[in-house]
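Commentary on secondary and tertiary structure
Spelled out, the chains give:
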Amino acid sequence: MSEQIEERDEAPPAAPQARLGAAVRTMTRGWALPYLVVLVVAAADLVVGGDLSMVAFLVLGPLLASRLSTDRRQVLAAGTVAFVAGVLLGEFNRDLTTGQQALRLLLIGVGTLIALINQGALRREQSALERAADTVALAASLVAGVEPEEAYRLLARSARSLYEADAAAVYRRDADQLLLAADDRHGLIPPMPGWLGRTNVPDAFASGPVEATVRSATAPEATMLAARGLGSVLWLPLLDPAGRQTGVIALAWRRPDPRLSAEALGASRQFADLGGRAISGSERVRAQTEILERVQALLLSTPPAWAQGYRIGVRYQSASGLAQIGGDFYDVVEVEDGKGLAFILADARGKGLEASSLASVLKGAFRSLAGEGASPARVLGRLDRVVAREGGDEDFVTALAGRAHPDGRIVLATAGHPFPLGAAPRPGEVGAPLGLGTRAAEAQATLCAGQRLVCYTDGLVEARNQAGEFIDRAAFEQVVHVEPLDAALDHLVAMVNDHSVDYRADDLALLGLEYAPAGP
């Protein structure tokens with residue numbers, strides 16, 4: 001054959017002596033108990049001797065091996081050892097007649113046969129349970145959205161157990177190459193190729209299942225199989241919902257003929273379809289997660305710890321995972337010419353990329369308006385039009401916008417959002433949420449040095465315990481007033497976590513400002 005399977009980062013095939021040593025270790029490692037039974041019975045026969053004739057109980061060796069091992073070679077090894085021990089003990093025990101000795105050896109042989117039958121039944125039962133469990137786990141991964149690496153490993157393990165293959169490998173498609181993503185194989189079989197090329201293994205790029213055998217002199221896979229002591233391979237393409245190949249499963253057996261029925265081949269298409277969907281789903285979740293991570297970094301950028309006479313602190317905690325990031329965001333912008341700070345805390349309706357995208361648009365618009373020196377009420381009025389233009393028919397955003405002046409004066413305007421904790425202005429008129437035609441009014445207060453306010457989203461005040469109870473707002477107010485700002489924010493988050501445990505349904509965002517004209 002002129003062309004070879006392309007490989008890289010692969011261990012060379014094991015030498016015959018190394019493979020023999022590995023086989024011996026496999027035959028003996030962890031299975032000393034059946035051989036120990038043989039040894040104990042043999043010793044007892046030599047000590048007691050004669051009438052008791054305990055050598056008949058050597059049959060316990062293979063029977064015990066059949067219950068402990070799923071490898072037929074272990075059972076055969078235990079039976080062979082028991083048979084040899086029976087022959088040797090018969091030579092030492094002169095009281096046994098030839099007929100008695102033959103009967104005992106026959107019992108050992110029959111016991112070994114029964115052990116093999118029992119072991120085969122147990123192995124089939126365990127294999128069926130493993131196949132069912134792996135298939136269920138693979139189907140569950142479609143719903144759970146596991147990481148791609150875990151999906152590839154699960155698919156390789158499921159494929160091998162489902163088809164009782166000696167090796168299974170899953171490759172992902174990269175242009176005209178297939179890159180090894182995961183494999184599951186018998187311990188004596190070397191790793192599968194690290195990558196495959198279309199020109200070298202065209203069957204791996206086929207749109208349907210293709211079988212190849214080492215017996216075929218023209219099969220490109222023959223060299224790959226022979227180098228690993230394998231006799232046949234079945235390629236199962238992985239397709240995305242649009243029918244494009246995203247990878248392939250390679251199922252390999254030591255025997256030259258996979259012995260797959262027409263029903264099994266038909267089922268393999270369904271299995272590959274399930275696997276392809278699992279991989280596509282996990283890759284899609286990862287791509288969305290990466291986008292959301294970037295959006296989160298934009299929405300939740302950390303402001304300086306002190307600016308324009310104010311200490312600043314922020315906290316954010318998602319109610320669920322990263323893939324369910326909501327539309328909560330905060331921002332603090334220094335107004336030009338030392339005129340203080342403009343800040344905002346908002347909560348866009350919904351979860352995921354859609355809510356986060358709308359929130360990022362609003363944050364960009366806020367920064368532009370804050371740089372122009374717009375008042376809080378004017379900021380909310382402009383953002384209301386942005387939501388109406390960029391959002392859907394049912395989208396809305398609650399927001400609190402404010403201005404912190406260098407002399408301690410605070411101006412707030414709210415669009416459907418609660419007023420802050422602490423020394424905030426007294427609640428005035430609350431405008432409608434952004435996107436619903438808000439007309440926000442402004443409220444003012446003046447902070448003394450050391451006074452602070454803490455803006456929050458619904459995740460703080462709507463956290464419930466198992467009995468459905470909220471946290472008393474007075475407890476929040478006490479924490480805000482008596483602790484340093486960073487410690488107060490941490491304490492607020494801890495209060496929510498301790499109270500709600502698994503019953504928190506909304507994200508939590510906090511923005512704290514403390515008047516500190518003397519500096520950090």
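All values reported here derive from a predicted model rather than from experimental measurement.

Some thoughts on the sheet that holds strand E15 (residues 452-456)
The strand order E7-E8-E16-E15-E13 describes an open sheet built from five strands, whose pairing is antiparallel. On the outer flanks of this sheet lie strand E7 (306-307) and strand E13 (421-422), each paired with one strand and no other. Sheet analysis places E7 next to strand E8 (residues 310-317), joined by two bridges and oriented antiparallel. Its bridge partner lying in E8, Trp306 is registered against Arg311.

A short note on the confidence of the model for the protein chain
Chain-level pLDDT for the protein chain is 79 on average; 74% of the residues reach the 70-or-more range. Taken as a whole, residues 22-30 scores under 50 in pLDDT and shows 11 contacts with residues more than four places along the chain or in a different chain.

Some thoughts on the pairing of E15
Here E15 lies mainly inside the structure; five of its five residues are buried. Every second residue of E15 is oriented toward a common face, with Arg452, Val454 and Tyr456 on one face and Leu453 and Cys455 on the other, all of them buried. When E13 meets E15, the two strands line up antiparallel, connected through two bridges. Looking at E15, one finds that Leu421 is bridged to Val454. Sheet analysis places E15 next to strand E16 (residues 508-515), joined by five bridges and oriented antiparallel. What sits directly across from Leu453, in E16, is Leu513.

Let's talk about unusual backbone geometry
We note that Ala175 has phi near 60°; this positive angle belongs to a residue other than glycine. Mapped onto the elements of the fold, Ala175 is located in the loop between strand E1 (167-174) and strand E2 (177-185). We classify Ala175 as exposed; its relative accessible area is 58%. With a phi angle near 65°, Asp337 is a residue other than glycine that sits in the positive phi range.

Thoughts on helix H10 (residues 376-390)
Between its first and last C-alpha, H10 extends 21 Å over 15 residues, near the 21 Å set by a 1.5 Å rise per residue. Every buried residue of H10 is accounted for by Pro376, Val379, Leu380, Leu383, Asp384, Val386 and Val387. Seen end-on, H10 carries its buried residues on one side only, within an arc spanning 165°. Exposed residues lying more than 90 degrees from the buried face of H10 are Ala388 and Arg389.

A look at the environment of Leu162
Along the chain, Leu162 turns up in helix H6 (residues 148-162). As for Leu162 and Phe271, which are separated by 109 residues in sequence, their C-alpha atoms are 9.4 Å apart.

Here's the deal with the environment of Asp166
Looking at where Asp166 falls in the secondary structure, it is placed in the loop between H6 and E1. A C-alpha to C-alpha distance of 6.5 Å links Asp166 and Arg254, two positions 88 residues apart in sequence. Those residues within four positions of Asp166 in sequence are excluded, and the remaining contacts are Arg160, Arg185, His186, Ile189, Leu230, Ala252, Trp253 and Arg254. For Asp166, the side chain forms a polar contact with the main-chain nitrogen of Arg254, separated by 2.7 Å.

A closer look at the environment of Asp393
One can find Asp393 in the loop between H10 and strand E11 (397-404). Classification of Asp393 as exposed rests on a relative accessible area of 85%. Between the C-alpha atoms of Asp393 and Gly435, which are 42 residues apart in sequence, the distance is 9.0 Å.

What about the sheet that holds strand E3 (residues 195-197)?
Reading across the sheet, the six strands line up as E3-E2-E1-E6-E5-E4 and stay open at both edges, with antiparallel pairing between neighbours. Whereas interior strands pair on both sides, the edge strands pair on one side only; in this sheet they are E3 and strand E4 (210-213). Within the sheet, the average angular offset between the axes of one strand and its neighbour, ignoring direction, is 25°. As paired strands, E1 and E2 are joined by eight bridges and run antiparallel to one another. Counted as the bridge partner of Ala168 is Asp184 from E2. Across the sheet, H6 lies against E1, E2, strand E5 (232-239) and strand E6 (245-253), angled at about 60° from E2, the strand it touches most.

Cut-offs applied
Residues numbered from 1 in each chain as written. Predicted model: local features only at pLDDT ≥ 70, side-chain atom pairs only at ≥ 80, totals over all residues. Heavy atoms only, no water. Pairing = 2+ DSSP bridges. Helix = DSSP H or I, 4+ residues; strand = E, 2+ residues; numbered from the N terminus. pLDDT = per-residue confidence, 0-100. Contact = heavy atoms within 4.5 Å. Buried < 20%, exposed > 50% of the residue type's maximum accessible area, 1.4 Å probe, protein only. Expected span 1.5 Å × (residues − 1). Arc of directions from axis to C-beta. Polar contact = N/O pair within 3.5 Å; in protein donor to acceptor, adjacent residues only side chain to side chain. Axes fitted to C-alpha atoms, helices over the stretch in contact; angles between N-to-C directions.

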